[in-house]
Amino acid sequence: MKEFKKLLEQKDFSKDDILRLLNSEGEDKTLLLKRSREVADAQIGKKVYLRGLIEYSNICSKNCFYCGIRKGNRAQTRYVMEDEEVLDCARFAYEKSYGSIVIQTGERVDSAFTGKIEDLIRQIKELSHGELGITLSLGEQSDETYQKWFAAGAHRYLLRIETSNPDLYLRYHPDDGNHRFEERLAALERIRRAGFQQGTGVMIGLPGQTLEDLADDLLFIKNLDVDMVGMGPYIEHEDTPMFSDREQLMSRMERYQLALNMLAALRLMMPKINMAATTAMQAIHPDGREEAVLAGANIVMPNITPLKYRECYLLYDGKPCVDEEPARCHGCIINRIQSTGNQVGLGEWGDSRHFLAKQVCKD
Ligand code: 5AD
Ligand code: SF4
Ligand code: FES
């Protein structure tokens, strides 16, 4: 026990150390979560920042085996939000003092799409007098596209590596030349080069994924020196090829508990990064996002997509808030964050302190 406490005080963590953190349960787990929240409080403070999530379109050119909106899922009706609807969402976020929004879609690289996104970024910047921060989660793109979106005013970009094990990556994605691990890595590099705060993440509890893989994922994230992380439990979706592997999975609650340990361990390893309390956590446990905040997360992404599109953006089964108006989610989420004893960072971008610290060092 004493030894475990000592482990929690460390600054550097070997793979064995990380495995111990990931395996912790009972009293050790309580200590781990307490420590990770203390580290967050000390290093980045008690504020939790909001990112209003706009699920702009569910059209995707890819076919990831785990995802409900993959191209091959013919059961899914497809949509693209109208420009005015996107701008209304942004106005809502601005009026409610969300410091930032996130625009997320399936992946498309055609110029009609990339040009439209550029226009929307400019218009959102304009309507909020430059005040709304914009995070993008729009997949793998060329240098030119990343640069164009950055120049238009977006300043953070999320692209999950999903798993850092290339063999597993191959297992979860079609081997069609359009889903290459190396290309994912190269895209992450391009995101950084374009000037974005760079975010990545993984899914936790995938079929065939071991604790060692997850420890390697955390080391990969640390090594890449990312500014932001979004990671959450894998949740099976009925209309996907990976659904047939469901017998190999841990129980949902085990995946959830493991995700809490992952968040806490990463907070110890990277004290200043922004880390999201993901919706997938809440899909398993009604208090999932609060518990993630208590494990050291500092970002929450209330869904502000118009109700009529919500049920078309189901990446996994049991996604929460499918029937909730943005205004309802708004009140709900503020209460939930405050219930954790943390504050809501209204009207602030809430940039990654990890990123800001690197900038200072560069100057
Ligand atoms: N379970 C959990 N997360 C998923 N994602 C996609 N499908 C699933 C699923 N079945 C995550 C991926 C992707 C992000 C947008 O959603 O990590 O990067
Ligand atoms: Fe498309 Fe992303 Fe789903 Fe893959 S995970 S199918 S890229 S939306
Ligand atoms: Fe949507 Fe709670 S966040 S209802």
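In what follows, the structure referred to is the one given above.
Residues numbered from 1 in each chain as written. Chains lettered and ligands numbered in written order. Predicted model: local features only at pLDDT ≥ 70, side-chain atom pairs only at ≥ 80, totals over all residues. Heavy atoms only, no water.

**Notes on the overall build of the protein**
And then number 1: Across its full length, the protein holds 15 helices and 11 strands.
And then number 2: A compact globule built from 363 residues would reach a C-alpha radius of gyration of about 21 Å, and the protein, at 19 Å, matches this within 12%.
And then number 3: Counting only C-alpha atoms, the protein reaches 60 × 45 × 40 Å along its principal axes.
And then number 4: Summed over its atoms, the accessible surface of the protein is roughly 14,900 Å², and 49% of this surface lies on carbon and sulfur atoms.
And then number 5: The distance from the centre of the 48 positive side-chain charges to the centre of the 56 negative ones in the protein is 3 Å. (Helix = DSSP H or I, 4+ residues; strand = E, 2+ residues; numbered from the N terminus. Rg over C-alpha atoms; globule rule 2.2 N^0.38 Å. Areas by Shrake-Rupley, 256 points an atom, 1.4 Å probe, with all protein chains shown as cover. Lys, Arg positive; Asp, Glu negative; His and termini not counted. Charge placed at Lys NZ, Arg CZ, Asp CG, Glu CD.)

**A few points about the pattern of salt bridges**
And then number 1: In this structure the tally under the stated criterion is 32 salt bridges.
And then number 2: Of the charged contacts, one joins Glu107 and Lys62 as a salt bridge, the two residues approaching to 3.3 Å between their closest N and O atoms. Of the two residues, Glu107 sits in the loop between strand S2 (100-105) and helix H5 (111-127) while Lys62 sits in the loop between strand S1 (47-57) and helix H4 (83-95), which places them 45 residues apart along the sequence.
And then number 3: Where Glu236 meets Arg252, a salt bridge forms, and the shortest distance between an N and an O atom there is 3.6 Å. Remark: Arg252 occurs in helix H10 (residues 252-269) and Glu236 occurs in the loop between strand S8 (232-233) and H10; sequence separation between them is 16 residues.
And then number 4: For Glu236, a relative accessible area of 10% corresponds to the buried category.
And then number 5: Salt bridges here are not isolated pairs; linked through shared partners, they connect Lys62, Glu107, Glu140, Glu162 and Arg184. (Salt bridge = Lys/Arg side-chain N within 4 Å of Asp/Glu carboxyl O. Buried < 20%, exposed > 50% of the residue type's maximum accessible area, 1.4 Å probe, protein only.)

**Considering the packing of helix H2 (residues 15-23) against H10**
And then number 1: Interhelical geometry of H2 versus H10 gives an angle of 140 degrees and a closest axis separation of 8 Å. It follows from the interaxial angle that H2 and H10 lie oblique. Where H2 crosses over H10, the two elements pack in a sense that is right-handed. Residues Ile18, Leu21, Leu22 and Asn23 of H2 form the contact with H10, whose own contacting residues are Leu258, Asn261, Met262, Ala265, Leu268 and Met269.
And then number 2: The residue makeup of the contact of H2 with H10, split by class, is 8 nonpolar, 2 polar and no charged. (Axes fitted to C-alpha atoms, helices over the stretch in contact; angles between N-to-C directions. Parallel < 35°, antiparallel > 145°, perpendicular 65-115°, else oblique. Left-handed = near helix turned anticlockwise from the far one by under 90°. Contact = heavy atoms within 4.5 Å. Nonpolar A, V, L, I, M, F, W, Y, C, P; charged D, E, K, R; others polar.)

**Some remarks on the environment of Lys46**
And then number 1: Positionally, Lys46 belongs in the loop between helix H3 (26-44) and S1.
And then number 2: For Lys46, a relative accessible area of 34% puts it in the partly exposed group.
And then number 3: Between the alpha carbons of Lys46 and Gln343 there is a distance of 6.0 Å; along the sequence they are 297 residues apart.
And then number 4: Residues within four places of Lys46 in sequence aside, it is in contact with Arg37, Asp41, Gly341, Asn342 and Gln343.

**Some remarks on the site of ligand 2**
And then number 1: The environment of ligand 2 is made up of Cys60, Lys62, Cys64, Tyr66, Cys67, Ile69, Arg70 and Gly106.
And then number 2: A breakdown of the residues in the shell around ligand 2 according to their chemical character gives 5 nonpolar, 1 polar and 2 charged. (Near = heavy atom within 4 Å.)

**Quick word on empty space enclosed by the protein**
And then number 1: In total, this model carries 2 cavities of 30 Å³ or more according to the counting rule given.
And then number 2: In this structure, the second largest cavity occupies an estimated 30 Å³ of space.
And then number 3: Contributing to the lining of the second largest cavity are Arg289, Glu290, Val293, Val300, Ile333, Arg336 and Ile337.
And then number 4: At the level of elements, helix H12 (288-294) and helix H14 (326-339) are the ones that each hand at least two residues to the lining of the second largest cavity.
And then number 5: In the lining of the second largest cavity, the residues fall into 4 nonpolar, no polar and 3 charged. (1 Å grid on protein atoms, 1.4 Å probe; cavity = no way out; pocket = protein on both sides within 12 Å on 5 of 7 lines; lining within 4 Å. Points joined across faces, edges and corners; volume = space filled by probe spheres on them.)

**Describing the site of ligand 1**
And then number 1: Near ligand 1, the surroundings consist of Tyr66, Cys67, Gln104, Arg160, Glu162, Met203, Pro233, Tyr234, Ile235, Leu315 and Tyr316.
And then number 2: The separation between a nitrogen atom of ligand 1 and a polar main-chain atom of Tyr66 is 3.0 Å.
And then number 3: With respect to ligand 1, the side chain of Glu162 contributes an N or O atom lying 2.5 Å from an oxygen atom.
And then number 4: Protein burial of ligand 1: of its 400 Å² of free accessible surface, 86% is covered by the chains.
And then number 5: Along the lines of polarity and charge, the residues of the shell around ligand 1 split into 8 nonpolar, 1 polar and 2 charged. (Polar contact = N/O pair within 3.5 Å; in protein donor to acceptor, adjacent residues only side chain to side chain.)

**Re the packing of aromatic side chains**
Remark: the centre distance and the inter-plane angle together describe each pair of aromatic rings, the angle taken between the planes.
And then number 1: Under the counting rule described, the total for this entry stands at 9 aromatic pairs.
And then number 2: Here Phe92 and Tyr98 contribute two aromatic rings whose centre-to-centre distance is 6.2 Å and whose plane-to-plane angle is 85 degrees, an arrangement assigned as edge-to-face.
And then number 3: Owing to a relative accessible area of 17%, Phe92 belongs among the buried residues under this scheme.
And then number 4: Plain terms: the ring middles of Phe150 and Phe196 are 5.2 Å apart, the flat faces sit at 80 degrees to each other, and that makes the pair edge-to-face. Residue Phe150 is located in helix H6 (residues 143-152), and its partner Phe196 is located in the loop between helix H8 (181-194) and strand S5 (197-200); the two are separated by 46 residues in the primary sequence.
And then number 5: With a relative accessible area of 1%, Phe196 lands in the buried category. (Phe/Tyr/Trp six-rings, centres within 6.5 Å; stacked < 30°, edge-to-face > 60°.)

**Quick look at helix H9 (residues 211-224)**
And then number 1: The first and last C-alpha atoms of H9 sit 20 Å apart over 14 residues, in line with the 20 Å expected at 1.5 Å per residue.
And then number 2: Along H9, the residues classified as buried are Asp213, Leu214, Ala215, Asp217, Leu218, Phe220, Ile221 and Leu224.
And then number 3: Phi turns positive one or two residues past the end of H9, at Asp225, with a value near 60 degrees. (Expected span 1.5 Å × (residues − 1).)

**So, unusual backbone geometry**
And then number 1: The phi angle at His129 is positive, at roughly 50 degrees, despite the residue not being glycine.
And then number 2: Position of His129 among the secondary structure elements: in the loop between H5 and strand S3 (133-137).

**Some details on the nonpolar core**
And then number 1: In terms of nonpolar packing, the biggest core is built from 107 residues, with Leu136 and Leu266 touching the most fellow members.
And then number 2: No other element matches the 11 residues that H10 contributes to this core.
And then number 3: Dropping the residues within four chain positions of it, Leu136 is found in contact with Ile103, Ile121, Trp149, Ala154, Arg156, Tyr157, Leu158 and Phe196. (Core = buried A, V, L, I, M, F, W, Y, C linked by side-chain atoms within 4.5 Å.)

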